[in-house]
Amino acid sequence: MLERILGPLPIWARRDHPMLRYELRGNGKAPRRWLLLLGAGVVGCLLLAAGYVIATELLSRPLSPNLTESVNRVLYAPILLLQVILGISALSISIGTIGEIVRRQQWDTLRVTENGAGLTLRTRWASVFYRVRPLLTVIIALRLLLVVGILWDLTAFQGQYLDLLMSGIVPQMSIPVPIGQPPLDLGVVAGIMLLAFMLTAAVLLPLTSVGFDAAAGLFLSTLFKQRTYNALVQFGLLLLRLFVTGALIYAGFRFISGQLTLPDGLAFGLMFSFGALGDWGLYFLHLSSFGEVWAIVPYGIFLGLALMLFALVQAFLADRLLLWAIHRAQSRG
C-alpha cells in the first residue's frame, strides 16, 4: 500500500531488508487468520453501531435521507476513534526503541558498527508503518469511501452543486474584464482545484501523522531510556493528545453550530487546527459540511490547500526528527 501511494521505498524500508525482517519478527505463534478476521468483524460491527447511536443522538432522531451525509455521520466517530488509536500506537511502538536495545545489551555493538545505530532507527521507523498497516488501511479505505461520496455529490443539481456552495463566499473568485464583456468566473476551476487539495490531504494526513508520531517517538527514545521515565512520558503524551483532540473537536463543532463566535482570523485558525490536529480533515470529507465552513469562515475555501501544505510540512518535520534522533543516538549513545 505504501509503495502504491508514495512510490518506490528506500532499501531499508522494504520488507525483504534483513534488519526490517528482524524488526517485524513474530513473538510466538501467530493467531489463526480466521480468528483475526472474526475479531475484526466483531469490532467493526460494534464501532458502526456506536457510530449510528452517536449520529442519531442516542436514537432520538432519524438519520438524514441524504445517503452521503448519513454515511459520513455514522462513520465519523468510529474513524476518529481509530485515528486516535493509530497515533498512540505509532508513538508507543517507537518511543522505547533505544531503551529496549540497551536492555538487550546490543546498543554498544550497534554504535560501533558503521551506520548501525542509524540503520536500526530507520528500520524501526519503517516497521511502525508495517505494524499499524491493518489499522492504517482501514482508515484510508474509509476515507476513500467518503471521497467517493464527495465525487457523487458533485453531480447533484445537474453538476451545479459546487457553484451553489461557492456563491456568496469570501473571497469571490472572478477576474475583472473590460466593461461590456461578461465576467470570467473562475469559481468552478478554483473550487475544483482547492477541493482536490482537500481530497489529497485527506489521504496523506494519516500517513504523515503516523510518520511524524513514529519519528517523535524515536527522538524521545534518545532522551528517555529508562523504562519508568519512558512510561511516564508516554502517559503524559497520551493525555495531551486526548486533550488537544477533544478540545479542538469541541471548539470546532461549537463554532460550526453557531455557539461560539470568533473574529475571522481566529475562525480560520480554529478550523485549520480542527482539521490538521483534531480529526485530520475528516469532517471536511462531506461536501455539504465543507461548503458550510466556506460560508461561515472567510477564506475557508483555502482550508484544503492549508491542510495539504500542513501534510507536506509534517512529512518534512518527520524526516528532520528522524535524522536528529539518529544524530543524537550516534553521538551520545
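Fair warning: this is a prediction, and the values are worked out from it, not measured in the lab.

Calculation criteria
Residues numbered from 1 in each chain as written. Predicted model: local features only at pLDDT ≥ 70, side-chain atom pairs only at ≥ 80, totals over all residues. Heavy atoms only, no water. Helix = DSSP H or I, 4+ residues; strand = E, 2+ residues; numbered from the N terminus. Contact = heavy atoms within 4.5 Å. Areas by Shrake-Rupley, 256 points an atom, 1.4 Å probe, with all protein chains shown as cover. Phe/Tyr/Trp six-rings, centres within 6.5 Å; stacked < 30°, edge-to-face > 60°. Buried < 20%, exposed > 50% of the residue type's maximum accessible area, 1.4 Å probe, protein only. Axes fitted to C-alpha atoms, helices over the stretch in contact; angles between N-to-C directions. Parallel < 35°, antiparallel > 145°, perpendicular 65-115°, else oblique. Left-handed = near helix turned anticlockwise from the far one by under 90°. Nonpolar A, V, L, I, M, F, W, Y, C, P; charged D, E, K, R; others polar.

Peer 1: Could you give an account of the overall build of the protein, naming the residues involved and the relevant values?
Peer 2: In terms of helices and strands, the protein carries 15 helices and 2 strands. Long-range pairs, those at least 24 residues apart, make up 78% of the contacts in the protein with a sequence separation of at least 6. Roughly 17900 Å² of accessible area belongs to the protein as shown, and the carbon and sulfur atoms make up 68% of that amount.

Peer 1: Which residues make up the packing of aromatic side chains, and what values do they have?
Peer 2: One pass over the structure, following the stated rule, counts 13 aromatic pairs. Arranged with centres 4.7 Å apart and planes meeting at 35°, the rings of F219 and W324 form a pair that is tilted. Residue F219 is located in helix α11 (residues 187-223), and its partner W324 is located in helix α15 (residues 303-332); the two are separated by 105 residues in the primary sequence. You can call W324 partly exposed: its relative accessible area is 48%. Each ring, one from F274 and one from Y283, has its centre 6.0 Å from the other, and the planes form 70°; the classification is edge-to-face.

Peer 1: Can you explain the packing of helix α12 (residues 227-256) against helix α13 (residues 264-278)? Please cite residues and give values.
Peer 2: Between α12 and α13, the least distance of the axes is 9 Å, while the angle of their chain directions is 135°. Judged by the inter-axis angle, α12 sits oblique to α13. Of the two possible hands of crossing, α12 and α13 adopt the one that is left-handed. Along its contact with α12, which presents T245, L248, I249, A251, G252, F253, F255 and I256, the element α13 presents A267, L270, M271, S273, F274, L277 and G278. A per-class count over the contact of α12 with α13 returns 11 nonpolar, 4 polar and no charged.

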